[in-house]
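So the chains spell out like this:
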Amino acid sequence: MNDPLRQHLLAALAAASSAPLGVAFSGGPDSTALLHALAQLPEARARGLRALHVDHGLHAHSAAWAEHCQRFCATLELPCEVLRVQLDGSRGEGLEAAARRARYDALATQLRNGEWLLLAHHRDDQAETVLLKLLRGAGPEGLGGMRELRPFGRGRLWRPLLALSRQQLRDYVATHRLDCIDDPSNSDTRMARNQLRREILPRLTQHWPQAVDSIVHSAALSRAAADALQVQWLAAFDVLHDPANGSLHAAGWLALNPALREPLLDHWLHARGLPAPTTAQRRQIERQCGARAGQLPCIRWDGAELHIWKGRLWALTPEVVVDTGRELSWHGEPVALPDGGKLSLTDAGARLAEPLSLRLRRGGERIKPAGDAHTRELRDLFQQGLVPPWQRAACPLLYAGGELVAVADRWVSARGAAIFQQARARPHWQPAR
C-alpha cells in the first residue's frame, strides 16, 4: 500500500481501541476521502464501519445531498444513516453556531455504546480553529485547538487526520475520482471560518510559508499547558461548584488565578450546554462579582445569561419574555408555562371543584398566607423565600374571584388551603430552570 491516507489510517487504527467506527459524512471532499479510504481497509470494516449524514434542511439541495451520500455509501457497501434536524433559534445563537449544535447533538444521540465517531478535520482546519480562538481572546485551552480524541455521546469523538493537510485529502479525492458535494456556503466569506480560509490564511502563507506548521506547533504546546492547568482548576471546581443547584461560588471563583479562572468558567458553562463568553463579557462578570447587596447583575451573550445572586454565579439559557396579560381557567390539569416550566397538582388525577384563574406576575400583587397575621407583598415574599429573580416573572399565580389564593406551591392563603384540601391535592410548580 503506497497511499499516504490509507497508510496513515491503518497506523491510527492499529494504535487505537478496537471500538466500533462511525464516520460523520457530509459528502464534501474531506469526509469523502476519509470514508472511502477507511472502506478499503478490512481492519475498519471489521469494526462495523458506517456513515452518519446530518441533513440540516437549510439548503434547497439538502435532500439531494442526503441521497448522494446514501448512493455513495451503497457503492462502498456501507450503511448510511441520514439524520434530519431542525435548528433551534431560541438560544440567540447565529445560524452557523445553531447548525453546529444541532449537528453534534444529532450525532451524539445516534452514537452507539462504545462507538467512535470519526471526523475528517485536518491540520488546516486545526490552524483555522486556533486563529479563530486567538481572535476571540482564548487562553491555553482554546489555543490548544481541537482534541484528537474526547468523550462524545455514548462513545468517543476521534479526529484521526489532524496530522494531514487539506491538500493530501484533495489529492486522494482526485486520484480516485470521487464524486463530492460542493456546498456553496463554504464559499460565503461572511462566515468567520471561510474568511480565514479563503482570504486571511492565504495571505499569511504568502509571507510566512511555514505559517500553518507554526500555528499547529503552538497549538500542541498550548494543549500541553492546558492539560497541566486542568488538574488545578478541576480541583478548584469541586470546591466552588454546588451540584445541588449548579451554581458557582462567586468570590472563590474571582480569587483564582486567571489561568485557572477562565477555563473553569468555560468548563462550567459547557457542562450546562451553554457557550462561553467573550473576553469583554468575562471582564464584566469579574467586575459584577463585587456588586452591592440588593443588586441583581445579569450578563448576557448569544445563547446564555449569567446571574450573580446570593454570592453565587448562576448560568442559564436566555430568559424567555412572557406575556403577563394572558389568563386561563385552571382545573388542576398539568399546564405548560410560557417559560417552559410546568404547573400541576400533587395528585395527577385530582381536579378542582371550581376552576381558578391562572395568571403571571404583573406587579403589586399581595397575599395573606395561611397562618400569617399580615398581608404580604409578593416582592417581599420572593426575596424572603429566596426565589431566584429569573423565575419570578413566570411564577404561576392562582386567583379565586379576583383574590390571589396561591403563589405556585410556595404561599397559599386560608381560602386557597380550603380549596386544595377539598381537592385532596396541592399545587406543584416545576420552574423551567
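No experiment lies behind these values; they were computed from the predicted model shown.

Enquirer: Can you explain the sheet that holds strand 14 (residues 342–345)? Please cite residues and give values.
Expert: Taken together, three strands build an open sheet; the order of strands is 13-14-21 and the sheet is antiparallel. A single partner strand is all that each edge strand has here, and the edge strands are strand 13 (335–336) and strand 21 (427–430). In this sheet, strand 14 lies alongside strand 13 in antiparallel orientation, the contact comprising two bridges. Within strand 14, the residue paired with Ala 336 across the bridge is Lys 342.

Enquirer: How would you summarise the nonpolar core if you had to cite specific residues and measurements?
Expert: What tends to happen in soluble globular proteins is that the nonpolar side chains get buried as a cluster. Judged by nonpolar contacts, the single largest core of 36 residues is most densely connected at Leu 5, Leu 35 and Leu 38. Of all the elements in the fold, those that place two or more residues in this core are helix 1 (4–15), strand 1 (21–24), helix 2 (29–39), helix 4 (62–76), strand 4 (116–118) and helix 8 (166–175). Here this core takes six residues from helix 2, the largest share from any one element. Residues in contact with Leu 38, not counting those within four places in the same chain, are Leu 9, Leu 13, Val 23, Ala 44, Leu 49 and Leu 118.

Enquirer: With reference to specific residues and values, describe the packing of aromatic side chains.
Expert: A full pass over the atoms with the stated rule returns seven aromatic pairs. Ring centres of Trp 314 and Trp 390 lie 5.4 Å apart, and the angle between their planes is 50°; this geometry places the pair in the tilted category. One end of the pair, Trp 314, is in strand 11 (residues 312–316); the other, Trp 390, is in helix 15 (residues 389–392), and 76 residues separate them in sequence. Comparing Trp 314 with Trp 390 shows no difference in burial state: the two are buried. Note on Phe 382 and Trp 411: the rings are 6.1 Å apart at their centroids and 65° apart in plane angle, and the pair reads as edge-to-face. Taken together, the residues Phe 382 in helix 14 (residues 378–384) and Trp 411 in strand 20 (residues 411–412) connect sequence positions 29 residues apart. When the ring centre of Tyr 104 is taken as origin, the NZ or CZ atom of Arg 100, which lies over that ring, is 4.5 Å away. The lysine or arginine in question, Arg 261, covers the ring of Trp 253, its NZ or CZ lying 5.8 Å from the ring centre.

Procedures and definitions
- All residue numbers refer to positions counted from 1 along the written sequence of the respective chain.
- Owing to the predicted nature of the model, reporting of local features is limited to residues with pLDDT of at least 70; listing and counting of side-chain atom pairs is limited to 80 or more, with chain, interface and lining totals taken over all residues.
- Hydrogens are left out, water is left out, and the side-chain values use all remaining heavy atoms of the structure.
- Strands qualify as paired when DSSP identifies two bridges or more between them.
- Under the scheme used here, helices are H or I runs from DSSP no shorter than 4 residues and strands are E runs no shorter than 2 residues, and both carry numbers assigned from the N terminus.
- Residues belong to one nonpolar core when they are buried, are Ala, Val, Leu, Ile, Met, Phe, Trp, Tyr or Cys, and are joined through side-chain atoms within 4.5 Å.
- Note on exposure labels: buried denotes an accessible area under 20% of the residue type's maximum, exposed denotes more than 50%, and partly exposed covers the range between, all computed with a 1.4 Å probe on protein chains only.
- Working rule for contacts: check all heavy atoms of both residues, and any pair within 4.5 Å makes them a contact.
- In this analysis, rings of Phe, Tyr and Trp, with Trp reduced to its six-membered ring, are considered paired at centre separations within 6.5 Å, and the interplanar angle assigns stacked below 30 degrees, edge-to-face beyond 60, and tilted for intermediate values.
- A ring has a charge above it when a Lys NZ or an Arg CZ is no more than 6 Å from the ring centre and no more than 35 degrees off the ring normal.

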